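Structural features, examined
The residues making up each chain are set out below.
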Amino acid sequence: MTITTSPIRLVILDDHPIFLRSFDVLCAGEQGLTIVGKFQHSRELINWLRTSHCDVLVLDYILQNDEMDGLSLIKHLLLHFPYLRILLSTSVDSLAVIRAAYMLGVRGYLSKREEAATYVSAIRTLANGQRYVPQHIAEGLTQVPLRKNDEEIAHGIYLPQGEALMPVKLLTPREAEVVNCYMEGMEIPEIAAKLKRSRKTVSGHKQSAMKKLGICSDLELFKYRKDLFK
């Protein structure tokens, strides 16, 4: 493995000033890490990237309400700046969202609850051209059933940009129909009557869909519906 010896040019996009400030402290104590840009709004970052370059972008997944949603922003950035090595930094722990981000092209994921040393390790890993997948995330992804062309995601091998599948496309047509009906406010008995299936069958479709998406609860399903169902 080729080790980066020149300073790593780091850019951070996060709408929390305290989190941005924490990177000043982090880099001050680490040799070879240089912050070349800190932004609270994606439009500021995009304008900067048009004329400047970084080695690693630490990207907050959830920004302010007037910003693009996380997956849309990732897709936009990698479409216009395909060289970017994105380290996703977020409190989001949905396996479905994390997997979708990896499939779109992010190089690493970290929870905001991680220690500073873990962030440094992840940043250096990305700067050296490798992907960073936390062990518990890799293990979690192996528990989610995957389809052809998606089955190697948990082992650090990802689909080329442009071939990525949205998580909802992992579902069968019936599973997707049941979940969409449920998110429109219909209860299991109503969905069963509409589809002319038993309640047990409909409930089974819903549970199977949630398992494939890495979703553990109805609350999580509704929370991330915008990212999972385009």
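Small disclaimer: the values here were computed from a predicted structure and weren't measured.

**Digging into the nonpolar core**
If you look at the biggest cluster of nonpolar residues, it comprises 32 residues, and the most contacted ones within it are L57, L59, I74, L77 and L84. Those elements giving two or more residues to this core turn out to be β1 (8-13), α2 (42-49), β3 (56-60), α3 (70-80), β4 (86-90) and α4 (95-104). Looking at which element gives the most residues to this core, the answer is α4, with 7 residues. Beyond its immediate stretch of four places on either side in the chain, L77 contacts L45, I46, L49, L57, L59, P82, L84 and I86. L20, L26, L33 and I123 belong to the second largest nonpolar core, which has 20 residues in total.

**Structural notes on the pairing of strand β5 (residues 108-111)**
The alternating pattern of β5 places G108 and L110 on one face and Y109 and S111 on the opposite face, and all of these are buried. As judged from the 4 bridges shared by β4 and β5, these two strands associate in the parallel manner. In the strand pairing of β5, T90 is matched with S111. One crossover worth recording links β4 to the parallel β5 by way of α4, and it is right-handed.

**Some words on helix α5 (residues 116-127)**
Taking 1.5 Å per residue as the helical rise, α5 with its 12 residues ought to reach 16 Å, and the 17 Å between its terminal C-alpha atoms agrees with that figure. Within α5, burial applies to Y119, V120, A122, I123, T125, L126 and A127. Each element contacted by the buried residues of α5 is listed here: β1, α1 (17-28), β2 (33-39), β3, β4 and β5. Following α5 by one or two positions, G129 has its phi on the positive side, about 85 degrees.

**Considering the environment of L26**
Structurally, the position occupied by L26 is in helix α1. Relative accessible area serves as the criterion here: at 14%, L26 is assigned to the buried category. In sequence terms L26 and A116 are 90 residues apart; their C-alpha atoms lie 6.8 Å from each other.

**Points about the pattern of salt bridges**
Throughout the structure, instances matching the rule amount to 6 salt bridges. E30 is the salt-bridge partner of R124, the closest N and O atoms lying 3.3 Å from each other. Remark: E30 occurs in the loop between α1 and β2 and R124 occurs in helix α5; sequence separation between them is 94 residues. Judged by relative accessible area, which is 30%, E30 ranks as partly exposed. Among the ionic pairs, K112 bridges to D60, the shortest N-O distance being 3.4 Å. Of this pair, K112 sits in the loop between β5 and α5 while D60 sits in strand β3, and the two are 52 residues apart along the sequence. Sharing partners across several salt bridges, the network here consists of D14, D60 and K112.

**A few points about the confidence of the model for the protein chain**
Reading fine detail from the predicted coordinates is not recommended where pLDDT is low. Confidence in the prediction for the protein chain averages 80 pLDDT; 80% of positions are at 70 or higher. Across the protein chain, the secondary-structure element scoring lowest on mean pLDDT is helix α11 (residues 225-228), at 62, and the one scoring highest is β1, at 95. Confidence over residues 146-166 falls short of pLDDT 50; this stretch has 37 contacts with residues more than four positions distant or in other chains.

**Quick look at the sheet that holds β4**
The pairing of strands in a sheet comes from backbone hydrogen bonds and takes either a parallel or an antiparallel form. The strand order across the open sheet formed by 5 strands is β2-β1-β3-β4-β5, and the pairing between neighbours is parallel. Every other strand in the sheet has two partners, leaving β2 and β5 as the edge strands with one partner each. Going across the sheet, the axis of each strand differs from the next one's by a mean of 20 degrees, ignoring polarity. Against the sheet, α1 engages β1, β2, β3 and β4, with an angle of about 170 degrees to β2.

Rules used throughout
- Residues numbered from 1 in each chain as written.
- Predicted model: local features only at pLDDT ≥ 70, side-chain atom pairs only at ≥ 80, totals over all residues.
- Heavy atoms only, no water.
- Core = buried A, V, L, I, M, F, W, Y, C linked by side-chain atoms within 4.5 Å.
- Buried < 20%, exposed > 50% of the residue type's maximum accessible area, 1.4 Å probe, protein only.
- Helix = DSSP H or I, 4+ residues; strand = E, 2+ residues; numbered from the N terminus.
- Contact = heavy atoms within 4.5 Å.
- Pairing = 2+ DSSP bridges.
- Right-handed = clockwise from strand over helix to strand, strands pointing away.
- Expected span 1.5 Å × (residues − 1).
- Salt bridge = Lys/Arg side-chain N within 4 Å of Asp/Glu carboxyl O.
- pLDDT = per-residue confidence, 0-100.
- Axes fitted to C-alpha atoms, helices over the stretch in contact; angles between N-to-C directions.

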